[in-house]
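Each chain is listed here by its residues.
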Amino acid sequence: MESLESTLKEIRTSIKKWWALLLLGIVLIGLGIVVFTNPLESYVSLSVFFAVSAIVSGLLQIWFAIANRKKIDGWGWQFALGIMEFIIGVILFSNFGLTLSILPFYVGFWLMFRAFALIGFSFELKTYKIMDWGYYLVFGLFLVILSWFIILNPLFGGITIVTWTGTAFIVAGIANIILSFKLKKVNERIVQVENSIK
């Protein structure tokens, strides 16, 4: 019984910061909406929004990884993603004059790294025997495809690249929000189980 309580406490501690993923998802969806509502704005404007969101997203990801470093096996990937997002945000923020041909590479590779992190997280959910882990794998794979469209078509420009970028941000945001609520539900179930065995 003591072993079960300790295991439940360990799992619960590992997902206690579920709301950080919710905030991250909201930031990403917000950025996607901004991209869609300003399709004719220059990529200098897009780089400002992207830089700010990458910095905020990176800080949230770093904080989530550090808070759960003793409980999540793949916390290093989350931490690396946060560092990379933060660095990209700082680079973009300090150089708003990035051209149309350079910004899509930053956006595409950032989204691809985020997609791989989501895929890795889905397999971690599988090891915890959490149902519906496959949905996050599908989101991750879809995000990989979207990021490839952005990377392979940097000179396409105009509405097409804006559409792919906005879509990718919204998909990443939705995936993070769904994942955060899934972790919240798991946390609530663990509390119920803990209360029932006391």
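It should be noted that the structure appears before, not after, this text.
Described below are features of the structure shown in this document. In this text the structure is predicted, and so the values were computed from the model without any measurement.

The rules behind each value
Residues numbered from 1 in each chain as written. Predicted model: local features only at pLDDT ≥ 70, side-chain atom pairs only at ≥ 80, totals over all residues. Heavy atoms only, no water. Helix = DSSP H or I, 4+ residues; strand = E, 2+ residues; numbered from the N terminus. Buried < 20%, exposed > 50% of the residue type's maximum accessible area, 1.4 Å probe, protein only. Contact = heavy atoms within 4.5 Å. Salt bridge = Lys/Arg side-chain N within 4 Å of Asp/Glu carboxyl O. Core = buried A, V, L, I, M, F, W, Y, C linked by side-chain atoms within 4.5 Å. Axes fitted to C-alpha atoms, helices over the stretch in contact; angles between N-to-C directions. Parallel < 35°, antiparallel > 145°, perpendicular 65-115°, else oblique. Left-handed = near helix turned anticlockwise from the far one by under 90°. Nonpolar A, V, L, I, M, F, W, Y, C, P; charged D, E, K, R; others polar. Patch = residues over 30% accessible without salt bridge, like charges linked within 9 Å, V, L, I, M, F, W, Y side chains within 5 Å. Areas by Shrake-Rupley, 256 points an atom, 1.4 Å probe, with all protein chains shown as cover. Phe/Tyr/Trp six-rings, centres within 6.5 Å; stacked < 30°, edge-to-face > 60°.

## Description of the overall build of the chain
Then comes step 1: A count of helices and strands for the chain gives seven helices and zero strands.
Then comes step 2: For the chain, the N- to C-terminal ordering of α and β elements is α-α-α-α-α-α-α.
Then comes step 3: When burial is assessed residue by residue, the chain has 45% of its 198 residues classed as buried.
Then comes step 4: Considering only intrachain contacts with a sequence separation of at least 6, the fraction spanning at least 24 residues in the chain is 81%.

## A closer look at the side chain of Arg 114
Then comes step 1: With respect to the helices and strands, the residue Arg 114 is situated in helix 5 (residues 103–127).
Then comes step 2: Excluding anything up to four places from it in sequence, Arg 114 contacts Leu 24, Leu 28, Ser 57, Gln 61, Leu 81, Glu 85, Leu 143, Ala 172 and Asn 176.

## Looking at the pattern of salt bridges
Then comes step 1: The full count for this structure, using the stated rule, is one salt bridge.
Then comes step 2: A salt bridge links Arg 114 to Glu 85; its shortest N-O distance comes to 2.4 Å. With Arg 114 in helix 5 and Glu 85 in helix 4 (residues 75–94), the pair connects residues that are 29 residues apart, well separated along the chain.
Then comes step 3: Accessibility expressed as a relative area gives 0% for Glu 85, which makes it buried.

## Section: the nonpolar core
Then comes step 1: Counting 40 residues, the largest nonpolar core has Phe 50, Phe 169 and Leu 179 as the members making the most contacts within it.
Then comes step 2: Those elements that place two or more of their residues in this core are helix 2 (18–37), helix 3 (43–67), helix 4, helix 5, helix 6 (133–152) and helix 7 (158–197).
Then comes step 3: Top contributing element to this core by residue count: helix 7, with eleven residues.
Then comes step 4: Non-local contacts of Leu 179, meaning those with residues more than four positions away in its chain, are made with Leu 21, Leu 118, Phe 121, Leu 125 and Tyr 136.

## Comments concerning the environment of Asn 68
Then comes step 1: Relative to the elements of secondary structure, Asn 68 occurs in the loop between helix 3 and helix 4.
Then comes step 2: Each C-alpha atom, one on Asn 68 and one on Gln 78, is 9.8 Å from the other, the two residues being ten residues apart in sequence.

## Concerning the side chain of Ser 57
Then comes step 1: Among the secondary structure elements, Ser 57 is positioned in helix 3.
Then comes step 2: By relative accessible area, Ser 57 is classed as buried at 0%.

## Structural notes on the packing of helix 5 against helix 6
Then comes step 1: Two elements in contact, helix 5 and helix 6, have axes separated by 8 Å at closest approach and are oriented at 165 degrees. In this view, helix 5 runs roughly antiparallel relative to helix 6, as classed from their interaxial angle. Here the hand of the crossing between helix 5 and helix 6 comes out left-handed.
Then comes step 2: Residue classes in the contact of helix 5 with helix 6 are distributed as 22 nonpolar, four polar and two charged.

## Digging into a nonpolar patch on the surface
Then comes step 1: A cluster of nonpolar side chains, namely Leu 59, Ile 83, Phe 86, Ile 87, Val 90 and Ile 91, defines an oily patch on the protein surface of about 450 Å² accessible area.
Then comes step 2: Per element, the largest residue contribution to the nonpolar patch is five residues, and it comes from helix 4.

## Things to note about the packing of aromatic side chains
Then comes step 1: All chains considered together, the criterion is met by two aromatic pairs.
Then comes step 2: When the centroid spacing of 5.0 Å and the interplanar angle of 45 degrees are considered together, the rings of Trp 19 and Trp 63 count as tilted. With Trp 19 in helix 2 and Trp 63 in helix 3, the pair connects residues that are 44 residues apart, well separated along the chain.
Then comes step 3: A residue is classified by how much of its surface remains accessible, and Trp 63, at 35% relative accessible area, is partly exposed.
Then comes step 4: With 5.7 Å between their ring centres and 40 degrees between their planes, Phe 123 and Trp 133 make a pair best called tilted. Taken as a pair, Phe 123 in helix 5 and Trp 133 in helix 6 lie far apart in primary sequence, ten residues in all.
Then comes step 5: Overall, the relative accessible area of 39% leaves Phe 123 in the partly exposed class.

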